[in-house]
Amino acid sequence: MEVRRTVPVKLDVDSDDAALFRETVDEFLWAANYVVDHAWQGEYKTTSKAQLQEETYDDVRDQTRLHANLVQNARNKAADAVQGVVARWKQGEYAGKPHFSQPTAVYDKRCATFHDEYVSLATVDGRIEVEYVLPDEDRDTPHSRYLDNDDYEVTGAELHHKDGEWFLHLRTKAEVESDTPEQATTGHSTVLGVDLGVNQLAATSTGTFWSGNEFDHWRREYEQRRASLQQCGSRHAHENIQAVGRKETGRFKLMLHRIANGIIEEAAENGCTVIAFEELTGIRDRLSGASWGHKWAFERLYEYVEYKAELHGIDVEQVDPENTSRRCSHCGYTHPDNRDGEAFACLKCGYENHADYNAAKNIGLRYLRRNQTGDGGGAPVGVRLNRGMVNVNGGYEPPAGDSGQSGSPRESPTRNEARSSDRAK
Ligand SMILES: [Zn+2]
């Protein structure tokens, strides 16, 4: 199976290099925006990369000093963004014309050469070589795991300018051999499970959480303001309510876009081909403390993830939510007393973890099981966890040489966990 990772690397850039990068990024953004403008003409938006290439390539070459492949990459970026907007329209969502302002440029192997300790990048004035600022080799970092690892190949990168520093986000991939027959088949899927909730708006099976505190705070503030305006009862107050409502809605949507981007990043970085959510129907009744606002937020979040995932070639699915919060993701024992608020402790096997993390794992597992017994359209592989993977039979496979992240729930080695790890070896 193919595993993809993105590794951010800081670049050692002097002021001349920085000036060239800035001009290159400026022209790259200009090119991408130029292609969007072109695609946007007329009633039907142009989304075909071949057509956009034909219609804009010469103009962009004439008006910029960009390398031919940077011109193509800018065109791809523009075409992807326009396709994303059209995909949203098809779902009845509002989406405006894309505009690029974040200082980034996209490189592939035709306009960059990736070496172990430095990179050669095309700029508006020829190529320059820039060294990586790498952490100590002996430490376990993404760099030692993926960059110094011959199994991983660098396929491309994005140049980023952030807080006065230049970074390269290196895209790497590896063909990973797998022992189990399910993993050896081609139609594999690696799933990211996502649990939605009130305390944590979203939690993934890789152990990343997005707290609901900010959302609750804004919602309460908004309801108070609305209530006090309603007491006035004047026309002016009514208009004010509408203005406040629009502002709040915009603020909520921005936050949900941020969470959706985080979920997509989590899936892409962990090589997931599917993101599984619980079914949204009836979610308000299932979650205690959930309001109309939560239901609205979950629906938006799901839509945002769905259309963003499309651009990454990731499928988004919903699964039956029954018992996902009461079931032990380790042994399968299901009981309401397994869960106490945010704490999950299995009464049967003793598995303990954050309740939302346990639920996210169950959601991923349910997707795998459903597809195993379903129409056979793709053999299941596993749910991506914070550390390693769990397959459809509950077998746990720890990641090779990966010490996991800190600060989020892990697959803690309970006595049973340890036993299944041994079995996986
Ligand atoms: Zn259990």
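Reading the values: rules and limits
- Residues numbered from 1 in each chain as written.
- Predicted model: local features only at pLDDT ≥ 70, side-chain atom pairs only at ≥ 80, totals over all residues.
- Heavy atoms only, no water.
- Patch = residues over 30% accessible without salt bridge, like charges linked within 9 Å, V, L, I, M, F, W, Y side chains within 5 Å.
- Areas by Shrake-Rupley, 256 points an atom, 1.4 Å probe, with all protein chains shown as cover.
- Salt bridge = Lys/Arg side-chain N within 4 Å of Asp/Glu carboxyl O.
- Lys, Arg positive; Asp, Glu negative; His and termini not counted.
- Charge placed at Lys NZ, Arg CZ, Asp CG, Glu CD.
- Helix = DSSP H or I, 4+ residues; strand = E, 2+ residues; numbered from the N terminus.
- Buried < 20%, exposed > 50% of the residue type's maximum accessible area, 1.4 Å probe, protein only.
- Donors = N, O, S within 2.8 Å, 3.2 Å for Na, K, Ca; no water.
- Tetrahedral: all angles 85-135°; square planar, octahedral: opposite > 155°, others 65-115°.
- Core = buried A, V, L, I, M, F, W, Y, C linked by side-chain atoms within 4.5 Å.
- Contact = heavy atoms within 4.5 Å.
- Polar contact = N/O pair within 3.5 Å; in protein donor to acceptor, adjacent residues only side chain to side chain.
- Axes fitted to C-alpha atoms, helices over the stretch in contact; angles between N-to-C directions.
- Parallel < 35°, antiparallel > 145°, perpendicular 65-115°, else oblique.
- Left-handed = near helix turned anticlockwise from the far one by under 90°.
- Phe/Tyr/Trp six-rings, centres within 6.5 Å; stacked < 30°, edge-to-face > 60°.
- Lys NZ or Arg CZ within 6 Å of the ring centre and 35° of its normal.

**As for a negative patch on the surface**
Working step 1: A cluster of acidic residues, Asp12, Asp14, Asp16, Asp116, Glu117, Glu131, Asp148, Asp150 and Asp151, forms a negative patch at the surface.
Working step 2: As for its position among the elements, Asp116 is in the loop between β3 (112-114) and β4 (118-123).
Working step 3: Judged by its relative accessible area of 64%, Asp116 falls in the exposed class.

**Considering the coordination of the zinc ion**
Working step 1: Distances from the zinc ion to its protein donors, Cys328 (SG), Cys331 (SG), Cys346 (SG) and Cys349 (SG), fall at 2.2 to 2.4 Å.
Working step 2: What the four donor atoms of the zinc ion show is an angle range of 106 to 113 degrees at the metal, which sorts the shape as tetrahedral.
Working step 3: Along the chain, the residues that donate to the zinc ion are spaced as C-x2-C-x14-C-x2-C. Of the two residues, Cys328 is situated in the loop between β12 (315-319) and β13 (339-340) and Cys346 in the loop between β14 (343-345) and β15 (352-354); the sequence distance between them amounts to 18 residues. As far as burial versus exposure is concerned, Cys328 and Cys346 are alike and both buried.

**Examining the nonpolar core**
Working step 1: The biggest cluster of nonpolar side chains holds 50 residues, and the ones touching the most others in it are Leu11, Tyr107, Phe114, Leu159, Leu168 and Leu170.
Working step 2: Considering every element that reaches this core, the biggest residue donor is helix α1 (residues 15-40), with twelve residues.
Working step 3: Here Leu11 is in contact with Phe21, Val119, Val130, Glu131, Tyr132, Val133, Leu159, Trp166, Phe167 and Leu168, once residues within four sequence places are set aside.
Working step 4: If you look at the next biggest cluster of nonpolar residues, it comprises 34 residues, including Val198, Leu201, Met255 and Ala267.

**Focus on the environment of Glu342**
Working step 1: Position of Glu342 among the secondary structure elements: in the loop between β13 and β14.
Working step 2: A relative accessible area of 33% means that Glu342 is categorised as partly exposed.
Working step 3: If we skip the residues at most four places from it in the chain, Glu342 touches Asn199, Gln200, Asn353, His354, Ala355 and Asp356.
Working step 4: A polar atom in the side chain of Glu342 sits 3.5 Å from the side chain of Asn199.

**Brief notes about the packing of helix α2 (residues 49-63) against helix α3 (residues 68-90)**
Working step 1: At their nearest, the axes of α2 and α3 sit 10 Å apart, and the two run at 135 degrees to each other. For the element pair α2 / α3, the angle class is oblique. Once α2 is placed against α3, the crossing between them reads as right-handed. Two secondary-structure elements touch here, α2 through Lys49, Leu52, Gln53, Tyr57, Val60 and Arg61 and α3 through Ala68, Val71, Gln72, Arg75, Asn76, Ala79, Asp80 and Gln83.

**Notes on the packing of aromatic side chains**
Any aromatic ring pair is given by two values, namely how distant the centres are and how the planes are angled relative to each other.
Working step 1: Under the criterion given, the structure shown has eight aromatic pairs.
Working step 2: Look at Phe215 and Phe252: their rings are 5.0 Å apart centre to centre, the planes differ by 50 degrees, and that puts the pair in the tilted class. Here Phe215, found in helix α6 (residues 213-232), pairs with Phe252, found in helix α7 (residues 235-269); they are 37 residues apart in sequence, far enough to count as distant.
Working step 3: For Phe252, a relative accessible area of 6% puts it in the buried group.
Working step 4: Taken together, a centroid distance of 6.0 Å and an interplanar angle of 40 degrees make the contact between Trp218 and Phe252 tilted. Highlighted residues: Trp218 in helix α6 and Phe252 in helix α7, separated in sequence by 34 residues.
Working step 5: In this structure an aromatic cluster arises from ring pairing among Phe215, Trp218, Phe252 and Trp296.
Working step 6: The ring of Trp218 is capped by Arg251, whose NZ or CZ atom sits 4.3 Å from the centre of that ring.

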